[in-house]
Amino acid sequence: MADTEDDNSALASFFPDPPLFWKAFTPSNLQAYAEIKQQYASQHGIPVEDVIRVPDLPADSDLIYLQPPAEPKDGTWRLYGEPQSLEESLQPLESAGIERLGPPLPGSTTTSTSDTQTTTITDSQSTTQPTTTDDTQPTSAFPSQQPTSQLPLPPSTSTISTTSAPGSAPSTQIHDTLHLHLKRLSKSLLLNFLELLGIMSLDPAAGSAKAADLRTLFLNFHHVLNEYRPHQAREQLIQLMQERLDQTRAETAANRAVAEKARRVLEGLGSVEIPAVDSVGVAGTGTGTGGGDGGGDGGGDGGYGLPSGPVPVGARTGTTVGDRRVGVDGEGAEEEEKRYWEREGMGWGVLDAEFA
Amino acid sequence: MSDRLSQLQEAVDQLMEQFIATYFYIDRHHDLKTFNPKDTIAPSKADQPPEVDTLPPDVFQAGQLELARDLITREQQIEYLISSLPGLDNSEQDQLQSIKELEEELNVAEKQRQEAVKEKDEVLVKLDQTLRSIRRY
């Protein structure tokens, strides 16, 4: 009864039902799975957070639903009918059924089918001769190219033949070749477009071959650039790290400069303020007892001023001492007060000068 | 701004679009010719849009010239981008080497930075104390 009811509701519901294994996520199952995971992690000495999958769970339990499925064994799967691969790599031109023009980039994911790469650099006026690597290439497809490697060369062309497996040639030459290759490709694009227009004006039916040539050229161009991307990525990383390094160093220098400045301020203060600091220390202990003494001293030898610590405090607050003190050293206290503000002014002046 | 490789690829794609635009411009606006004196150009049917929209020769010429100029400009852009591709003189080993060196330098610099920050903080604390004592006094 319950089953048929379920079936009916499945048919009638607007949204699809959740996957069947949703019932496996019970608290007890979650608990059990967490324990198994913990055990697995401690067995293999890795943190629990890094355990994505515990390999051999009992197949008949519901616990297998609690973890993601295993990776496909052959590294490929299908998604919406499209084959997907675990390894993201650049598909070689040859495997996509596109003719490769020019030498493959060293260190790229593509592998050369021929052992010998012959690079021909021409100085002739026609700059639209892309490098040819393969004399099996149909020459009719690219009238602007000729398989120069096998032909006697006109005297105006100089040939640099590098017979090399990829990567064994000097790097600068490889990159020069890449530059040249890209420029040739781009010029070939223009020339082939011109030819396409010419052909279409004379015999529109023959134009499709030329359009296919253009397509090949464009695809080759993009492919060469994509092959170049890892190099570019590394280059960019280097640049970023360099910037970061400069930034860090600048920050260090700035910090040191500020610290140095502050230290100079401290030294400057030290030469002025150390007595003041001392007098504060004395004042803390001596206010109560030394009131009369200090008052007498301050009045007597006003020229020194500083040693009589208690006086300023006493004079300023005026609370700790009795009538006698106030009556005796009214003048001395005033003097002290004045000197105090002078000192204070000097200290702040030093500070201002340092921070200006 | 994207990196130069992407710029280059975009420029190439734009070149392709320009090819197509140019092609259709010429296809659409060319004039009709007769092969021999007996041929006649059939008048276009009234209920169908005309196949070609022939422009006056001077306008057509000017349009071609403009499109051709644009193509050449784009081509020059592409070549400029090609020649400005970064790091063409470094091999992969060089790059990895310099990445490693930079990493070490970065570590050292980071340590120095932290020391400097610490030093600064200490001095600041000292300065702060001094200032406070002055004020209290």
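Model, not experiment: these values are computed from the prediction.

Q: Any chance you could explain the overall build of chain A here in plain terms?
A: Along the backbone of chain A there are eight helices and two strands. When the elements of chain A are put in sequence order from the N terminus, they spell out α-α-β-β-α-α-α-α-α-α. Out of the 356 residues in chain A, the part that is buried amounts to 34%. For chain A, contacts bridging at least 24 residues in sequence account for 63% of all contacts bridging at least 6. Total accessible area on chain A is roughly 21,900 Å²; 57% of this is exposed by carbon and sulfur atoms.

Q: Explain the UniProt feature "coiled-coil region" (unreviewed entry) in chain B to me, please; I cannot follow it from the model alone.
A: Annotation from UniProt places "coiled-coil region" (unreviewed entry) at residues 92-126 of chain B. Spanning residues 92-126 of chain B, this segment combines 100% helix with 0% strand, and its end C-alpha atoms are found 51 Å apart.

Q: Sorry if this is basic, but what is going on with the nonpolar core here?
A: As a rule of thumb, soluble globular proteins bury nonpolar side chains together. Counting 26 residues, the largest nonpolar core has A:Leu182, A:Leu189, A:Leu214, A:Phe221, B:Leu8, B:Phe19 and B:Ile78 as the members making the most contacts within it. Those elements giving two or more residues to this core turn out to be helix H3 (171-202) and helix H4 (207-286) of chain A together with helix H1 (4-29) and helix H2 (57-83) of chain B. If sequence neighbours within four positions are ignored, B:Ile78 has contacts with A:Ser186, A:Phe221, B:Leu8, B:Ala11, B:Val12 and B:Leu15. Counting residues in each nonpolar core, the second largest holds nine residues, with A:Ala262, B:Val123, B:Leu127 and B:Leu131 among its members.

Q: Help me out: how do you make sense of the packing of H1(B) against H2(B) in this one?
A: A packed helix pair is summarised by two numbers, namely the angle formed by the two axes and the spacing between the axes. Residues and elements named next belong to chain B. Relative to each other, H1 and H2 sit at 165 degrees, their axes nearing to 10 Å. With respect to H2, the axis of H1 lies roughly antiparallel. Here the hand of the crossing between H1 and H2 comes out left-handed. In contact with Gln7, Leu8, Ala11, Val12, Gln14, Leu15, Gln18, Phe19, Thr22, Tyr25, Ile26 and His29 of H1, H2 contributes Val59, Phe60, Gly63, Gln64, Leu67, Asp70, Leu71, Arg74, Glu75, Ile78, Leu81 and Ile82. Here the contact of H1 with H2 is built from residues that sort into 14 nonpolar, seven polar and three charged.

Q: Looking at this model, I keep getting lost on the interface of chain B and chain A. Mind explaining?
A: For interface size, the figure often reported is the accessible area lost on association. Between chain B and chain A, the contact holds 53 residues from the first and 57 residues from the second. Between chain B and chain A, the buried area comes to about 5,500 Å², and carbon and sulfur atoms account for 69% of it. Taken together, the links from chain B to chain A amount to five salt bridges. The salt bridge partner of B:Glu79 is A:Lys187, with a shortest N-O separation of 2.7 Å.

Q: Would you mind showing me how to read the packing of aromatic side chains here?
A: Any two aromatic rings considered together are summarised by their centre-to-centre distance and by the angle between their planes. The final tally for this structure, using the stated rule, is six aromatic pairs over all chains. An angle of 15 degrees between the planes, with centres 6.0 Å apart, marks the rings of B:Tyr25 and B:Phe60 as stacked. Here B:Phe60 lies in helix H2 and B:Tyr25 lies in helix H1, a separation of 35 residues in the sequence. Just as B:Tyr25 is buried, B:Phe60 falls in that class too. Every member of this aromatic cluster is reached through a ring pair, and the members are A:Phe193, A:Phe218 and B:Phe19.

Q: Any chance you could explain the pairing of strand S2 (residues 82-85) of chain A here in plain terms?
A: On a regular strand, one side chain projects to one face of the sheet and the next to the other, so that they alternate. Residue and element names in this part refer to chain A. One ladder, built from four bridges, connects strand S1 (residues 76-79) with S2; its direction is antiparallel. When the sheet's bridge partners are listed, Thr76 is paired in S2 with Ser85. Between the end of S1 and the start of S2, which pair antiparallel, lie two residues, with Tyr80 showing a positive phi angle near 50 degrees.

Thresholds, definitions, all that
Residues numbered from 1 in each chain as written. Chains lettered and ligands numbered in written order. Predicted model: local features only at pLDDT ≥ 70, side-chain atom pairs only at ≥ 80, totals over all residues. Heavy atoms only, no water. Helix = DSSP H or I, 4+ residues; strand = E, 2+ residues; numbered from the N terminus. Buried < 20%, exposed > 50% of the residue type's maximum accessible area, 1.4 Å probe, protein only. Contact = heavy atoms within 4.5 Å. Areas by Shrake-Rupley, 256 points an atom, 1.4 Å probe, with all protein chains shown as cover. UniProt positions renumbered as here; feature names shortened; annotations may be inferred. Core = buried A, V, L, I, M, F, W, Y, C linked by side-chain atoms within 4.5 Å. Axes fitted to C-alpha atoms, helices over the stretch in contact; angles between N-to-C directions. Parallel < 35°, antiparallel > 145°, perpendicular 65-115°, else oblique. Left-handed = near helix turned anticlockwise from the far one by under 90°. Nonpolar A, V, L, I, M, F, W, Y, C, P; charged D, E, K, R; others polar. Buried area = accessible area lost by both parts, 1.4 Å probe. Salt bridge = Lys/Arg side-chain N within 4 Å of Asp/Glu carboxyl O. Phe/Tyr/Trp six-rings, centres within 6.5 Å; stacked < 30°, edge-to-face > 60°. Pairing = 2+ DSSP bridges.

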